[in-house]
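# Breakdown of the fold
Letter by letter, the chains look like this.
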Amino acid sequence: MAKHHGDGHHDGHNAFDVSSKVSEFEILELAVRELAIEKGIFSAEDHRRFAEWAEGVGPHGGSKLVAKAWSDPAFKQRLLENGTEACKEVGIDWLQPTGVGTPSDYTFFYVLENTPQVHNVIVCTLCSCYPRPVLGMSPDWYRTPSYRRRMVRRPREVLAEFGLHLPADVEVRVHDSNQKSRFMVMPMRPEGTEGWSEEQLARIVTRDTMIGVALPRADRTSDAGSLAEQAR
């Protein structure tokens, strides 16, 4: 079971500026999308269907994976060895995540296990690669240059801004997503959850705990919003 140092959630302070200005990546995405539609790679209807799926999926798939892994050691081993295949056991197919044939943008999916000695956190320094089939759309702060640049250079400082203060003897490993790989963190099961069902456990596995900027707690079932998210 996990012991907590600090509350491991947003305390209202967030150093990541989420501007309403259209970013260079959004401009690039729009241009590439329009070109792909024009070339017949996919249709506007394909894109609409995928966008609706991505907006509605949420982090529930990831929560189910972690809860099942906490409860079933054999499944946990399969999940750590081959995340893509293990996802199918909870109804998530990375090749057809929408259920209508729209392909995902993944190549490999890895689940990273936190231990008393190692804490994992994910980032995408290049753009905003994210395990959408299991976590849904990424939060605004995940895509900011501040988070992307600083997490790989000063991870403890950034984690502290989320309210997560790790002991000095815990190694922090930052995993940089890219075109080839997607990552998700498997947090440690917190104390006070002995005898819980998978459904009960899934409720405390929030998005931020699977990104690695928070720790799960038996008394919390949602991420405390940052100032940037509250202002949306």
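Residues numbered from 1 in each chain as written. Predicted model: local features only at pLDDT ≥ 70, side-chain atom pairs only at ≥ 80, totals over all residues. Heavy atoms only, no water.

What the chain contains, in helices and strands, is 11 helices and 4 strands. A burial count over the chain gives 45% of its 232 residues as buried. Taking the intrachain contacts of the chain between residues at least 6 apart in sequence as the baseline, contacts between residues at least 24 apart amount to 72%. A total of about 11,900 Å² of accessible surface is found on the chain, and carbon and sulfur atoms cover 52% of it. (Helix = DSSP H or I, 4+ residues; strand = E, 2+ residues; numbered from the N terminus. Buried < 20%, exposed > 50% of the residue type's maximum accessible area, 1.4 Å probe, protein only. Contact = heavy atoms within 4.5 Å. Areas by Shrake-Rupley, 256 points an atom, 1.4 Å probe, with all protein chains shown as cover.)

Before going further, it helps to spend a moment on the pairing of strand β4 (residues 181–186). Every other side chain in a regular strand lies on the same face of the sheet, so the side chains alternate between the two faces. Most of β4 sits inside the fold, with 6 of its 6 residues counted as buried. The alternating pattern of β4 places S181, F183 and V185 and R182, M184 and M186 on opposite faces, both of which are buried. Bridge count between strand β1 (residues 108–113) and β4: 6 bridges; the pairing is parallel. Its bridge partner being in β4, L112 is matched across the sheet by V185. (Pairing = 2+ DSSP bridges.)

One way to put it is that helix α3 (residues 60–71) packs onto helix α4 (residues 73–81) with a least axis distance of 5 Å and a crossing angle of 130 degrees. Compared by their axis directions, α3 and α4 come out oblique. As α3 runs across α4, the sense of the crossing is left-handed. Contacts between α3 and α4 involve L65, K68, A69 and S71 from the first element and P73, F75, K76 and L79 from the second. Of the residues that constitute the contact of α3 with α4, the class distribution is 5 nonpolar, 1 polar and 2 charged. (Axes fitted to C-alpha atoms, helices over the stretch in contact; angles between N-to-C directions. Parallel < 35°, antiparallel > 145°, perpendicular 65-115°, else oblique. Left-handed = near helix turned anticlockwise from the far one by under 90°. Nonpolar A, V, L, I, M, F, W, Y, C, P; charged D, E, K, R; others polar.)

Here, UniProt's "binding site: Fe(3+)" (unreviewed entry) annotation points to C124, C127, S128 and C129. Assignment of secondary structure puts C127 in the loop between β2 (118–123) and α6 (132–135). On the accessibility criterion, C127 (23% relative accessible area) is partly exposed. Once you skip the residues sitting within four places of it in the chain, C127 turns out to touch F25 and R148. Among the structural elements, C129 can be located in the loop between β2 and α6. Of the residues examined, C129 reaches a relative accessible area of 12% and is grouped as buried. With sequence-adjacent residues up to four places away left out, C129 is seen in contact with C124, Y142, S177, N178, Q179 and R182. (UniProt positions renumbered as here; feature names shortened; annotations may be inferred.)

Here the focus is the pattern of salt bridges. Taken as a whole and judged by the stated rule, the model has 15 salt bridges. Notably, a salt bridge pairs R143 with D140, separated by 2.6 Å at the nearest N-O pair. Residue R143 is classed as partly exposed on the basis of its relative accessible area, which comes to 32%. Residue class for D140 comes out buried when judged on its relative accessible area of 15%. Linked through salt bridges whose partners overlap, the residues forming this network are R150, R154, E157 and E161. (Salt bridge = Lys/Arg side-chain N within 4 Å of Asp/Glu carboxyl O.)

Between the first and last C-alpha of α3 there are 17 Å, a value that for 12 residues agrees with the 16 Å anticipated at 1.5 Å per step. In terms of burial, α3 is a largely internal element, 9 of the 12 residues being buried. The complete set of buried residues in α3 reads G61, G62, S63, L65, V66, A67, K68, A69 and W70. (Expected span 1.5 Å × (residues − 1).)

The subject of this paragraph is the nonpolar core. Note that soluble globular proteins tend to have their nonpolar side chains buried in a common cluster. Counting 45 residues, the largest nonpolar core has L65, V134, Y147, M184, I211 and V213 as its most contacted members. Per-element tally for this core: the top contributor is α3, with 5 residues. (Core = buried A, V, L, I, M, F, W, Y, C linked by side-chain atoms within 4.5 Å.)

Here the chain averages 85 in pLDDT, while 82% of its residues score no lower than 70. In the model, residues 226–232 has pLDDT below 50 throughout and makes 12 contacts with residues more than four positions away in sequence or in other chains. (pLDDT = per-residue confidence, 0-100.)

With that out of the way, let us pick up the packing of aromatic side chains. Any pair of aromatic rings gets described here by the distance separating the centres and the angle formed by the planes. Counted according to the given criterion, the structure contains 9 aromatic pairs. Taking 5.6 Å as the distance between ring centres and 25 degrees as the angle between the ring planes, the aromatic pair formed by Y110 and F183 counts as stacked. Of this pair, Y110 sits in strand β1 while F183 sits in strand β4; the two residues are 73 residues apart in sequence, bridging distant segments of the chain. On the basis of relative accessibility, which here comes to 37%, the residue Y110 falls in the partly exposed class. With a relative accessible area of 11%, F183 lands in the buried category. Counting every residue linked through ring pairs, the aromatic cluster contains Y130, W141, Y142, Y147 and F162. It is K68 that lies over the ring of F75; its NZ or CZ is 5.3 Å from the centre. (Phe/Tyr/Trp six-rings, centres within 6.5 Å; stacked < 30°, edge-to-face > 60°. Lys NZ or Arg CZ within 6 Å of the ring centre and 35° of its normal.)

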